[in-house]
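Next come the chains, spelled out residue by residue.
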2 protein chains.
Amino acid sequence: MALIESEAGLIARLRDLFHTSFQTQVQVGIGDDAAVIKSSNNKLVATVDMAVEDIHFNKKWSTPFQIGAKLTTANLADIFAMGAIPKYLLVAAGISELNNSETVTELAKGIRSVADKFEVTVIGGDLSKSEKMTLSITALGELSAQPILRSGARVGDLIYLSSLTGLSAAGLAILNRELDRPRYVVEAHLNPKLVAPDKLIKVATSMCDVSDGLATDAAHLSYASNVNFNLSKDLISQAADFKDLAELAKELNEDVFDWILTGGEDHFFLATVGKENESNELGIQIGSVGKGEGKLLLDGVEIKKTGYQHF
Amino acid sequence: MALIESEAGLIARLRDLFHTSFQTQVQVGIGDDAAVIKSSNNKLVATVDMAVEDIHFNKKWSTPFQIGAKLTTANLADIFAMGAIPKYLLVAAGISELNNSETVTELAKGIRSVADKFEVTVIGGDLSKSEKMTLSITALGELSAQPILRSGARVGDLIYLSSLTGLSAAGLAILNRELDRPRYVVEAHLNPKLVAPDKLIKVATSMCDVSDGLATDAAHLSYASNVNFNLSKDLISQAADFKDLAELAKELNEDVFDWILTGGEDHFFLATVGKENESNELGIQIGSVGKGEGKLLLDGVEIKKTGYQHF
């Protein structure tokens, strides 16, 4: 009861924070029991991601703006990975300073910084008190064609990565040493940039976003497709950004392939493509699909669940 | 990397736990980057709710099964409150014992205990480590008619409550005294039962679920509709369950109207209905809608934001 007016005030503020000027199919947005979207001829695509303080992010390094932006990035990437167009978000946030309007505002602004870029609208949410900041975002998207599944890779396909992975891990390695430069590397960890994989969507036989690390996600695809993924260090080394990343790894006494293969949190896309669609415009070609029972190999050596082996 | 197989195992287990035998429009369920639902001619209705340990529930009193069931209940109630039919759930869970398969299984079973009843399918989720258990559920529903909004109450309408509120608050009062009887009262708090408001949906001019307490939710409707809600203690006292609740309140030295008006967490429905649709089958008639600027009155006395006044 004591909250009626402040609650109404909060809802009004959230409505303002999430008000967009682009056209949407939203009939009822924030403020009723649930949101209502007009009917559509498209398939509905839906995914949820959760991020927890001290597990997925550290408030020492990340602002509420960055935390909101980063989870939104991960979330929209999952929609793109199905070949779909993200449209709507529902945001549940648990924060310790529920009465600190600055935190709520900054979280909302961070979410919008990514959502606006793709004309995605926040249609609902829930706010709760929580000792550790916890954010859970559901993304809804639309799909007019068939979804691009993890299970669609075919023997003979080429394996593409939309951008070279590892920079986010490099940024984390720098932050872990209590350093904050080179800035563009730290930024890659704190503010990963999402680029819609428009060209890959048109031709991919299988696809996923690279959030858990290239090796893990490649293993997901090869396992789901029941084929072997043959990655090549030589091909990976030919990526334009490889040289800078390798130098940075050397400086920090880390293994550059460890970053590239197991780093995670880059939010790029991994896809397989028929040979007839080979093109530099798709990203970095890092290997090819061979016959097999779902194994992941690097230069012919299997990468097992024990992880990428240093050597 | 180290998690590939156990992750695949976990996903397989969650797929099993959430596998249903009833017919759905799910094209891609748990296990890819996102779920895909076939296109539908209906409007899409969406809502999210979050529950945090020690804020919304206490693990001393509630099992993971009960926690999952209760949040699902709250979540589906929001979909019904729009006049829609719940169809799908996405579940994000943060738990401290991520490797404790028992907790995950029990949470899932609790969610299903409610979801199955309404033929609702879990299509996706995310699991994270979290010191305090945190659960966030997104419900998606379908709506073929126009939504029932909070803003639709008209002067002259009758106000109905689908069941008498207050029993959940009574249960909490008992638990707070470290007692556990009468059991049906404690159960009302730990295991609230959701009944779809089928009859109200057909005739309601405005509706919401009563999760924040009757007074708060009635104020939401009167405020959104810009009319006055005139509630009557006399009418409320005529509810079949009132006598038992009043006796229990007396025993515990509490105010029965405090429980009824501000208790919360009952997950019943509050709606307004045109006089021509008056019927005992709609629930308990607790008042009527009058001209005004969005006030909530009990026996002619305004209930202000300072809360229901004891007297």
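Residues numbered from 1 in each chain as written. Chains lettered and ligands numbered in written order. Predicted model: local features only at pLDDT ≥ 70, side-chain atom pairs only at ≥ 80, totals over all residues. Heavy atoms only, no water.

In the annotation of an unreviewed UniProt entry, the entry for chain A reads Thiamine-monophosphate kinase, and the organism field reads Candidatus Nanopelagicus abundans. In its Sequence similarities (unreviewed entry) section, the UniProt entry covering chain A states "Belongs to the thiamine-monophosphate kinase family." Taken directly from UniProt, the Pathway (unreviewed entry) text for chain A runs: "Cofactor biosynthesis; thiamine diphosphate biosynthesis; thiamine diphosphate from thiamine phosphate: step 1/1." (UniProt positions renumbered as here; feature names shortened; annotations may be inferred.)

**Comments concerning the UniProt feature "binding site: Mg(2+) 5" (unreviewed entry) in chain A**
Listed under "binding site: Mg(2+) 5" (unreviewed entry) in the UniProt record, and renumbered for this structure, are A:Asp212. The partly exposed category is assigned to A:Asp212, whose relative accessible area is 38%. (Buried < 20%, exposed > 50% of the residue type's maximum accessible area, 1.4 Å probe, protein only.)

**Brief notes about the pairing of strand 9 (residues 228-231) of chain B**
Residues and elements named next belong to chain B. Taken together, the 4 bridges between strand 9 and strand 11 (residues 284-290) define a ladder with antiparallel strand orientation. Bridge pairing in strand 11 links Phe229 to Val289. Pairing of strand 9 with strand 12 (residues 296-298) involves 3 bridges; the strand directions are parallel. Residue pairing across strands places Asn230 opposite Leu297, the latter belonging to strand 12. (Pairing = 2+ DSSP bridges. Helix = DSSP H or I, 4+ residues; strand = E, 2+ residues; numbered from the N terminus.)

**Quick notes on unusual backbone geometry**
Residues and elements named next belong to chain A. Residues Arg181 and Pro182 are joined by a peptide bond in cis, for which omega reads 0 degrees. Topologically, Pro182 is positioned in the loop between helix 4 (167-176) and helix 5 (183-190). Its identity is not glycine, yet Asp54 carries a phi of approximately 70 degrees, on the positive side. The topology assignment puts Asp54 in the loop between strand 3 (43-52) and helix 2 (64-81).

**Topic: the environment of B:Gln27**
Residues and elements named next belong to chain B. Residue placement: Gln27 occurs in strand 1 (residues 26-28). Using a relative accessible area of 32% as the deciding quantity, one classes Gln27 as partly exposed. When the C-alpha positions of Gln27 and Leu164 are compared, they lie 41 Å apart, and in sequence the two are 137 residues distant.

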